[in-house]
Amino acid sequence: MKRDSRKKRDQMLAVDLGARSTKAVLLQRRGNKFALASYAILDTPIFDKIISEELLTEHLRAISQTLQAKGKPLTLTIGVEDAVVRHVEMPPMPPEDIRMILKNNSRVYLQQELTGYVFDSYAGNPAQNGAAPKDSQKAKVLIAGAKNQIVTNYVTAAKNAGLIPDHIVPSLLGPVNAFELAMPEVFAGQTVALVDIGFRSSSICILQEGELVLNRVVNIGGDRLTAGLAESMGIGYAEAEGIKVGMPAEVEPQLDMLISPLARELRASIDFFEHQQERTLPMVYVSGGSARSEFIVQTLRREIAVECKTWNPVAGLQLALPPAQTSEIEQVAPQLSVAIGAALTAI
């Protein structure tokens, strides 16, 4: 996904506010390259539906102190359950007109009434800058939207925490942006699916030669795998989480059964794409906390009959980490894809 044309930032703090854990990264610009200066993974505060301004302020202050990031520009992500990301065809018009139309009548283009939402749009077509040919009837536009209350809470909490609110990014787009930097040749020249396994939900994005052509959110995540494993084995949640990642052979039958629903959703997405585009999708790249389990990745491969592998979201970054984090980064990297991608969108 292309960056915007605003003034380039020298540093960017990005915070991925997950359902269970918050992942934060601090990126620095070094000429034409970027360096990962620090990261943190913290427990996300417990909240109901929309996190309050006060709770988020306290959380962001803790992150800022941990990463010594006070006064720095901040990018926040909005989770897949709270953001709308969709391709639509619209008549050529400037972005501000698109935002106004969607605000007043979202049902026409998004097939649902989204009152109290704010929207933004992106299109590579010059039509979105008011430069479309006169005979151009419609343009393909990527629309993103979120509840105005969430955006307002994010902006106010960031300011109250001593940070500079700069970008708010749908978390679904994070892995796409991180993948572009980590594997530029694959991103630009191949057709692949990106699967990010979150805590409650997983996102599926299909890229065709650098273009996001399909995206879905399925309500199956690492929590269902861990909870199902704990129940079937009669063990605690924390122990089941450790077993899920470490993967002793004796739990493979239980995990096979638990992974199958996610595999079916992924296979359905691939089948839809292949039918629509009349081309084969040969590779799936997996990120998220559960991607640390090679067994989970290979079970997906076996279930969908498409090659699956993990990828390293920090591969395109220079590392300027403290020694302790340098030794751990390879293990935690799959969890940072959303935060890294969000930072790259804004820096």
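Right above here is the structure, for reference.
Residues numbered from 1 in each chain as written. Predicted model: local features only at pLDDT ≥ 70, side-chain atom pairs only at ≥ 80, totals over all residues. Heavy atoms only, no water.

Asks: What exactly am I supposed to notice about the nonpolar core here?
Replies: Considering soluble globular proteins, one finds that nonpolar side chains tend to be buried as a cluster. In this structure, Val 25, Leu 36 and Phe 179 are the most contacted members of the largest nonpolar core, which totals 41 residues. For this core, the leading source of residues is helix H12 (residues 337–346), giving six residues. Leu 36 has contacts with Val 25, Leu 26, Leu 27, Val 314, Leu 317, Gln 318, Leu 319, Ala 320, Leu 321 and Ile 329, leaving out every residue within four places of it along the chain. Among the nonpolar cores identified, the runner-up in size contains 34 residues, and Leu 214, Ile 270, Val 284 and Phe 295 belong to it. (Core = buried A, V, L, I, M, F, W, Y, C linked by side-chain atoms within 4.5 Å. Buried < 20%, exposed > 50% of the residue type's maximum accessible area, 1.4 Å probe, protein only. Helix = DSSP H or I, 4+ residues; strand = E, 2+ residues; numbered from the N terminus. Contact = heavy atoms within 4.5 Å.)

Asks: Hey, could you run me through the sheet that holds strand E11 (residues 211–218) in this one?
Replies: Backbone-to-backbone hydrogen bonds join strands into a sheet, with any given pair of strands oriented parallel or antiparallel. Read across the sheet, five strands follow the order E11-E10-E9-E12-E13 without closing on themselves; strand pairing throughout is mixed. Looking at strand neighbours, the two that pair on one side only are E11 and strand E13 (307–310), the edges of this open sheet. Within this sheet the neighbouring strands show an average axis-to-axis angle of 20°, counted without direction. In this sheet, strand E10 (residues 202–208) lies alongside strand E9 (residues 191–197) in antiparallel orientation, the contact comprising seven bridges. Among the inter-strand pairings, Ile 197 is bridged to a residue of E10, identified as Ser 202. Together, E9, E10, E11 and strand E12 (283–288) form the strand contacts of helix H9 (residues 252–277), whose direction differs from that of E10 by roughly 25°. (Pairing = 2+ DSSP bridges. Axes fitted to C-alpha atoms, helices over the stretch in contact; angles between N-to-C directions.)

Asks: I keep staring at the environment of Ser 21 and nothing clicks. Help me out?
Replies: For Ser 21, the location among the structural elements is in strand E2 (residues 21–30). Contacts of Ser 21, omitting those with residues within four sequence positions, involve Asp 16, Ile 41, Leu 42, Asp 43 and Thr 44.

Asks: Looking at this model, I keep getting lost on the sheet that holds strand E6 (residues 117–122). Mind explaining?
Replies: Ordered in space as E5-E7-E6, the three strands form an open sheet in which the pairing is antiparallel. Edge positions in the open sheet fall to strand E5 (83–90) and E6, since each of these has one partner strand only. Each neighbouring strand pair of the sheet contributes to a mean axis angle of 30°, computed without reference to strand direction. Where E6 and strand E7 (residues 139–147) come together, six bridges link them in antiparallel fashion. Considered in E7, the bridge of Phe 119 is made with Gly 145. Contacts between helix H2 (residues 95–104) and the sheet are confined to E5, E6 and E7, with E6 contributing the most and set at about 145° to the helix. Across the face of the sheet, helix H4 (residues 148–160) comes into contact with E6 and E7 while running at roughly 70° to E7.

Asks: Which parts of the structure should I look at to understand the packing of aromatic side chains?
Replies: Describing an aromatic ring pair means giving the distance of the ring centres and the angle of the ring planes. Tallied over the full model, the rule gives three aromatic pairs. Both rings, one in Phe 179 and one in Trp 311, keep their centres 5.2 Å apart while their planes meet at 85°; by these two values the pair is edge-to-face. Here Phe 179, found in helix H5 (residues 174–182), pairs with Trp 311, found in the loop between E13 and strand E14 (318–319); they are 132 residues apart in sequence, far enough to count as distant. Put simply, the rings of Phe 179, Tyr 285 and Trp 311 pair up and form one aromatic cluster. (Phe/Tyr/Trp six-rings, centres within 6.5 Å; stacked < 30°, edge-to-face > 60°.)

Asks: What is the right way to read H4 from this model?
Replies: An α-helix turns once per 3.6 residues; consequently, residues spaced three or four apart project the same way. For H4, built from 13 residues, the straight-helix expectation of 18 Å at 1.5 Å per residue is met to within 8% by its first-to-last C-alpha distance of 18 Å. Each element contacted by the buried residues of H4 is listed here: strand E1 (11–17), helix H1 (53–67), strand E4 (73–78), E6, E7 and strand E8 (164–170). A positive backbone phi angle near 85° is found at Gly 162, which sits one or two residues after H4. (Expected span 1.5 Å × (residues − 1).)

Asks: Looking at this structure, how should I read the packing of H9 against helix H10 (residues 294–304)?
Replies: Think of two packed helices as two axes; the pair is described by the angle between the axes and how far apart they sit. One can describe the packing of H9 onto H10 by two numbers: an axis separation of 8 Å at closest approach and a directional angle of 55°. Considering their axes alone, H9 and H10 lie oblique with respect to each other. As H9 packs across H10, the resulting crossing turns out to be right-handed. Seen from H9, the contacting residues are Glu 252, Leu 255, Asp 256, Ile 259, Ser 260, Leu 262, Ala 263, Leu 266, Arg 267 and Ile 270; seen from H10, they are Phe 295, Ile 296, Thr 299, Leu 300, Arg 302, Glu 303 and Ile 304. For the contact of H9 with H10, the class distribution of residues is 10 nonpolar, two polar and five charged. (Parallel < 35°, antiparallel > 145°, perpendicular 65-115°, else oblique. Left-handed = near helix turned anticlockwise from the far one by under 90°. Nonpolar A, V, L, I, M, F, W, Y, C, P; charged D, E, K, R; others polar.)

Asks: Mind showing me how you'd approach H10 here?
Replies: Residues of H10 that are buried: Phe 295, Ile 296, Val 297, Thr 299, Leu 300 and Ile 304. Against E9, helix H7 (222–233), helix H8 (237–246), H9, E12 and E13 lie the buried residues of H10. Just beyond H10, the residue with positive phi is Ala 305, at close to 60°.

Asks: Just checking my understanding: could you explain the pairing of E12 for this structure?
Replies: Remark: a regular strand shows side chains that alternate across the two faces of the sheet. In terms of residue burial, E12 counts as a mostly covered element, since six of its six residues are buried. Where E9 and E12 come together, six bridges link them in parallel fashion. What sits directly across from Val 195, in E12, is Val 286. The pairing of E12 with E13 spans four bridges and is parallel. When the sheet's bridge partners are listed, Val 284 is paired in E13 with Cys 308.

Limitation: the analysis is restricted to geometry and does not speak to function.
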